[in-house]
Amino acid sequence: FTEHWTVAPGAALFPHTLIVTGANAAVNFLDYYGSAANDQPAWVAGAATILAGPGSRVFRKSVQNLHARALSSHDAKILCGRDAEVKNIAVHLGAERARYESYSKLAGPGARLELCALTIASDRQEFDQRTFQDHAAPRSTSNLLYKNALLDEARTIFAGMIRVEPGAEETDAYQQ
C-alpha cells in the first residue's frame, strides 16, 4: 500500500510503483493519490510498472482522488509472463484534467490480463484514457472493462487498441 499526497501550493509529485514477481508469487497492492489542500494547483505524474513472472498473480488497485484544481497523468506498463495473471483496477475520481495510459504485453504463453477502470466525472472534469493490449504469445487472454459516469459538463475520452502478433494463436481479447 502506498499513499501519494499533494500538500503544498504548486506541488508536483512523480511517484513510481514497481512490482516484480518471481515464479508463482502473489501480490496484492494499492496505490492511492490524494490532496491535502483543496484549493491549490498541483500536478501528479505517476507511473506503475508490473513485471509478472511465470505463474505469478498480481492484483493492483489504483485510486486517483486529487482535488479539483489538480492535473493528473498516470502511466501503467504491464508485462505478463508464462501463465501469469495480472488484474489492474483503476478508479478515477478527482483532478480537473486527468490522463491514464495503460500498455500491456502478454509475453508468455497462457498469460492472462484483466483491466478495469471506473471513472466518475462531474463539473468540468476531463478524463482521457488510452489502452494498448499486445498479445505476443499463444493462448493469452485479455479482458478490458472501463465504465464512465458523467455529470454536469464533464467529458471522457477513450481510445483502445488490441494487437495480436504473429504466432500468438488462440488469443482471446476483449474491450468494453
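Residues numbered from 1 in each chain as written. Predicted model: local features only at pLDDT ≥ 70, side-chain atom pairs only at ≥ 80, totals over all residues. Heavy atoms only, no water.

Trainee: Please provide a residue-by-residue account of the environment of D128, values included.
Mentor: In this structure, D128 sits in strand 11 (residues 126-135). Distance in space between the C-alpha atoms of D128 and A25 is 33 Å, their sequence separation being 103 residues. The residues touching D128, leaving out its near neighbours within four places in the chain, are A98, R99, Y100 and I157. Polar side-chain contacts of D128 include one of 2.9 Å to the side chain of R99. Side chain to side chain, D128 and R130 meet in a polar contact 2.6 Å long. (Helix = DSSP H or I, 4+ residues; strand = E, 2+ residues; numbered from the N terminus. Contact = heavy atoms within 4.5 Å. Polar contact = N/O pair within 3.5 Å; in protein donor to acceptor, adjacent residues only side chain to side chain.)

Trainee: Tell me about the nonpolar core, and please be specific about residues and values.
Mentor: Formed by 19 residues in total, the largest nonpolar core has its most connected members in I50, V58, I78, C80, V86 and L113. Among the secondary structure elements, those contributing two or more residues to this core are strand 5 (42-52), strand 7 (70-80), strand 8 (85-92), strand 9 (97-106), strand 10 (112-121) and strand 12 (141-150). Sequence-distant contacts of L113, defined by excluding residues within four places in its chain, comprise I78, C80, V86, S104, L106, T141, S142 and N143. The next biggest cluster of nonpolar side chains, apart from the first, holds ten residues, and it includes Y33, L66, A95 and A98. (Core = buried A, V, L, I, M, F, W, Y, C linked by side-chain atoms within 4.5 Å. Buried < 20%, exposed > 50% of the residue type's maximum accessible area, 1.4 Å probe, protein only.)

Trainee: Please give an account of empty space enclosed by the protein that cites residues and values.
Mentor: Considering all chains together, one arrives at two cavities of 30 Å³ or more under this definition. Its boundaries defined by the atoms lining it, the largest cavity holds a volume of some 50 Å³. Every residue along the wall of the largest cavity is listed here: S62, Q64, S72, H74, V91, H92, A98, R99 and Y100. Those elements giving two or more residues to the lining of the largest cavity turn out to be strand 6 (57-65), strand 7, strand 8 and strand 9. If you tally residues by element for the lining of the largest cavity, the top one is strand 9, at three residues. A class-by-class count of the residues in the lining of the largest cavity yields three nonpolar, five polar and one charged. (1 Å grid on protein atoms, 1.4 Å probe; cavity = no way out; pocket = protein on both sides within 12 Å on 5 of 7 lines; lining within 4 Å. Points joined across faces, edges and corners; volume = space filled by probe spheres on them. Nonpolar A, V, L, I, M, F, W, Y, C, P; charged D, E, K, R; others polar.)

Trainee: Which residues make up the side chain of Q64, and what values go with them?
Mentor: Along the chain, the position of Q64 falls in strand 6. Those residues in contact with Q64 that lie beyond four places of it in its chain are Y33, S72, H74, V91, H92, L93, G94, A95, A98 and F127.

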